[in-house]
Amino acid sequence: MAGETLDRVMERSEMVVATNSGWPPQSFLNDNNEMVGFDIDVATEIANRLGVDVRFETPDWATMTGGRWQGRYDLGVGSVTPTNARAQVIDFPGTYYYSPYVWVVHKDSDIQSVSDLNGKVIGVETATTSEDYIRRQLDIAAPDQPPIEYNVEPGEIRTYADSMLPFDDLRLGAGVRVDAVIAPEQTAEQAIENGYPLRIVEGDYAFREPLVVITEKGDEEWNNKITEILFAMREEGVIAEFSTKWYGKNYAAE
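So, here is what we can say about the structure in this document. (Residues numbered from 1 in each chain as written. Predicted model: local features only at pLDDT ≥ 70, side-chain atom pairs only at ≥ 80, totals over all residues. Heavy atoms only, no water.)

1. Overview of the overall build of the protein
What the protein contains, in helices and strands, is nine helices and 12 strands. The C-alpha radius of gyration of the protein comes to 18 Å, within 12% of the 18 Å expected for a compact globule of 254 residues. Its C-alpha atoms give the protein principal-axis dimensions of roughly 60 × 40 × 30 Å. Taken over 254 residues, the protein has a buried fraction of 54%. (Helix = DSSP H or I, 4+ residues; strand = E, 2+ residues; numbered from the N terminus. Rg over C-alpha atoms; globule rule 2.2 N^0.38 Å. Buried < 20%, exposed > 50% of the residue type's maximum accessible area, 1.4 Å probe, protein only.)

2. A word on the nonpolar core
Counting 29 residues, the largest nonpolar core has Met 15, Ile 46, Leu 75 and Tyr 96 as the members making the most contacts within it. Those elements giving two or more residues to this core turn out to be helix H1 (4–12), strand S1 (14–18), helix H2 (38–50), strand S6 (75–80), strand S7 (90–106), strand S12 (207–216), helix H8 (220–235) and helix H9 (238–247). With six residues, the top contributor of residues to this core is H2. Within the second largest apolar cluster, 19 residues are counted, among which are Tyr 133, Ile 140, Ala 180 and Ala 206. (Core = buried A, V, L, I, M, F, W, Y, C linked by side-chain atoms within 4.5 Å.)

3. Some words on the packing of aromatic side chains
This model, assessed by the stated rule, comprises 13 aromatic pairs. Aromatic pair Tyr 101 and Phe 207: ring centres 4.5 Å apart, planes at 15°, arrangement stacked. Of this pair, Tyr 101 sits in strand S7 while Phe 207 sits in strand S12, placing them 106 residues apart in sequence. Accessibility expressed as a relative area gives 5% for Tyr 101, which makes it buried. Taking the relative accessible area as the measure of exposure, Phe 207 reaches 5% and is therefore buried. Each ring, one from Tyr 247 and one from Tyr 251, has its centre 5.6 Å from the other, and the planes form 70°; the classification is edge-to-face. (Phe/Tyr/Trp six-rings, centres within 6.5 Å; stacked < 30°, edge-to-face > 60°.)

Here it is as structure tokens:
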């Protein structure tokens, strides 16, 4: 495996990147059916620095994070959280930004504070850190991660197969299907910007997670090359620039 990925990428002058196609503003199809977004800009810049083209593939989340790619993808850029379970099957060559998670309610909801969420129906995307957090099972594999505080005891947890589906139920009204959603601040703000009648509950973030690019396990040469490129992009302020462009805030890792 050692050295295989870099050789493959350079020989065909193309890097195949696994990502999402329906997760604005991280990665999504625009009106021209083109992949755009924060993760798309990051992946494209990595390819540019390697001197190769980039091609995007959009496998389901479990396939992207499950490893054993067998050469189908060279890199995963999909705002993946590094967990100990994932570390068994994929590598994390570098953190490129941090995502704060927030509580979101319908704009007409009576919920004003985090404590008001106890006993409520909480919606989350399944198989994500949102679900792990609400089930009190969050397991982030980052040495500088502060202790996780669990401040909400839900009455019911409702899971969804896609990141926007919880917001689609929440927009129907306060308590119609769910009382609140926990999600990345960027995703929540994008939904609000797109006209969803929602608001973010004021107060502290639920938690703040590191996001990493991912690779097939065991290719040290490729991992080192990606680490080197990400470090340069952070140092030069490129990731901060992309973050501000897509999120309106600098979430870049320092």
